[in-house]
Structures are given as C-alpha cells and as structure tokens.
Amino acid sequence: MAQQARATSVGAYHFSDNKELFEIQRGNNFDFVISDALNNIAAYGNETKTFPKAKEMIRLSVSSASVPHFSQNAIEVRRGNTGIKYAGVMTWPSGSLECYDFIGAETKDILMAWQARSGNPMYQTVGQQADYKVTANLIEYTPDYNQIVRTWRLDGCWISSIDEDAFSVDANGARRIRCTIEYDRAVVDSYNEVI
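The residue count restarts for each chain, going from 1 along the sequence in the order it is written. Selection of residues for local features in this predicted model requires a pLDDT of at least 70, selection of side-chain atom pairs for listing and counting requires 80 or more, and totals for whole chains, interfaces and linings are taken over all residues. Values reported for side chains reflect all heavy atoms of the structure, with hydrogen atoms and water molecules removed beforehand.

Undergrad: Just checking my understanding: could you explain the pairing of strand β11 (residues 147-164) for this structure?
TA: The two faces of the sheet receive side chains in turn, since in a regular strand these alternate between them. At least two bridges found by DSSP between two strands are what make those strands a pair. A run of H or I in DSSP counts as a helix once it spans at least four residues, and a run of E counts as a strand once it spans at least two, with each numbered from the N terminus. Of the pairings in the sheet, the one linking strand β10 (residues 134-141) to β11 comprises 7 bridges and is antiparallel in character. Across the sheet, the residue bridging to N137 is R153, located in β11. Here β10 hands over to β11 after 5 residues, with Y145 in that stretch at a positive phi of 60 degrees. Here 6 bridges tie β11 to strand β12 (residues 176-182), and the two strands are oriented antiparallel to one another. In the sheet register, W158 faces β12, and the bridge partner there is E182.

Undergrad: How should I be thinking about the layout of surface pockets in this particular structure?
TA: Sizing a probe to match a water molecule and rolling it over the atoms shows the empty space that remains. Size it by volume and the largest pocket reaches roughly 190 Å³. For the largest pocket, the lining is made up of 18 residues, of which E47, A116, R117, N120 and Y123 are closest to its centre. Of all elements in the fold, only β2 (41-43), β3 (46-51), α4 (107-118), β8 (119-120) and β9 (125-126) reach the threshold of two or more residues within the lining of the largest pocket. The greatest single-element share of the lining of the largest pocket, amounting to 4 residues, is contributed by α4. By residue class, the composition of the lining of the largest pocket is 8 nonpolar, 7 polar and 3 charged. Here a cavity means grid points, on a 1 Å grid over the protein atoms only, where a 1.4 Å probe fits yet cannot get out; a pocket means an open set of points with protein on both sides within 12 Å along at least five of seven lines; lining residues are those with an atom within 4 Å of a point. Grid points are joined across faces, edges and corners, and a volume is the space filled by probe spheres set on the points. Gly is placed with the polar residues, together with every amino acid not listed as nonpolar (Ala, Val, Leu, Ile, Met, Phe, Trp, Tyr, Cys and Pro) or charged (Asp, Glu, Lys and Arg).

Undergrad: Explanation requested: the side chain of S118 in the structure shown.
TA: Residue placement: S118 occurs in helix α4. N or O atoms closer than or at 3.5 Å make up a polar contact, with two conditions inside protein: a donor-capable atom paired with an acceptor-capable one, and, for residues adjacent in sequence, both atoms drawn from side chains. Within polar-contact distance, the side chain of S118 engages the backbone oxygen of Q115 at 2.8 Å. The contact definition used throughout considers only heavy atoms, calling two residues in contact when any of these lie within 4.5 Å. Apart from the residues within four sequence positions on either side, S118 is in contact with V126, G127, Y132, W158 and I159.

Undergrad: Explain the packing of aromatic side chains to me, please; I cannot follow it from the model alone.
TA: The relative placement of two aromatic rings is captured by the distance of their centres and the angle of their planes. When two rings of Phe, Tyr or Trp (its six-membered ring) have centres within 6.5 Å they constitute a pair, described as stacked for plane angles under 30 degrees, edge-to-face for angles over 60, and tilted for the intermediate range. Scanning the model with the defined rule gives 6 aromatic pairs in all. Centroid distance Y141 to Y145: 5.0 Å. Interplanar angle 40 degrees. Geometry classified as tilted. Judged by relative accessible area, which is 9%, Y141 ranks as buried. We call a residue buried when its accessible area falls under 20% of the maximum for its residue type, exposed when it is over 50%, and partly exposed in between, using a 1.4 Å probe and counting protein chains only. For Y145, a relative accessible area of 36% translates into the label partly exposed. Cluster of aromatic residues (ring-pair linked, three or more members): F70, W92 and Y183. A positively charged side chain is recorded as over a ring if its NZ (Lys) or CZ (Arg) lies within 6 Å of the ring centre. The angle to the ring normal must also be within 35 degrees. A cation sits over an aromatic face here: R175 above F167, 3.9 Å from the ring centre.

Undergrad: Where do I start with the environment of L97 in this structure?
TA: Of note, L97 is situated in strand β7 (residues 95-100). For L97, a relative accessible area of 1% puts it in the buried group. Spatially, the C-alpha atom of L97 lies 4.5 Å from that of A65, the residues being 32 residues apart in sequence. Other than its neighbours up to four places away in sequence, L97 contacts F32, V62, S64, A65, I177, R178, C179 and I181.

Spelled out as structure tokens, the structure:
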C-alpha cells in the first residue's frame, strides 16, 4: 500500500487528480500594455504627425516581453577566517520587448517616437523623465483568457535602445523590432482576477 502512494507522488497522476491546482501557465497567454501617456505621441522626425492609438498598436504588435525580477548584490563582511553575507542594493535589470513590424499599425514609428522622447538626435537633446517614462503592465492570463493570473506593473518604463535585423534580399519572414526597456521597479499588482 505504501508503494502505491509513493508511485502516485513521484508520477504525474496527481496533476490530473488536482485539476484546480495544476493548470500549467503557458508562455503565450500575456499582454504587454503601456499607459495612455503615449497616445497622440508625435512622430520622430515629423512632429506634425501623431499616433492617436499608440497604446493599442503596441499591445497588438508585441511578440515577446521579458519578465521583471530584481537582483541584489551581496555585502560580505569578513572576520578572522570566516565571512557572512548581507543583502545589498536591489536593482532591476534592463528588460526586453519585441514587436512585429506591422506597416499599417506603424509599430516601428511609435517605438522610435517613444525613444526620441528620452533622447532626440535631431535636436541633440535629452528629455526629462516626465516626457519619456510611462507605466507599463505585463499581464498573464489563463489559457482561455477568462482570468488574470498575475499582473506586473512596471513603473518608470522607457526605451533605451532599438535594434532590428538588417534587410536582406534572401530574407523570408516577419520583421521584428527589439527594444531594450528600462524601468525603476516592478510590482506584482494583482493575482487571480476573473475578467
């Protein structure tokens, strides 16, 4: 009898016996949503053109987004032949955001306009944080999108660099824009909300 219980605990059957506990989180059930602050952002290089639906166009174009986690440096104190470690400064590393380059949605133009708020090579100026930092949310959903599993709120989010593959006559695939995003902190805002 003891062997049967052990076989169940080391196997996978307990996943199906406890369906409400062991639904697997998929990597493709998410949204990356920036705040309304970027709606009507002026285009980089043509300030008479604006993007009234920038928030929605970015949300629909995102193909991948990194998950925010902080790290801490260790402060080591030594005495004699031993040492102990204390928790040091918390830092949030740079994140990544990758978007499909949809022509009609003007995805790349919106991302370049957002980046130009922090540094504009045309005018050789660096922006003030009120101009370029926005709030972003990384939202994880259940596979049926009926429930929010977890929401990360990224405060002070902005683009520090944009990168994309070179054009090639041999290319055969969707173009994507890769952005390095910076943020001041990330907070888990919510767990398990039915939508």
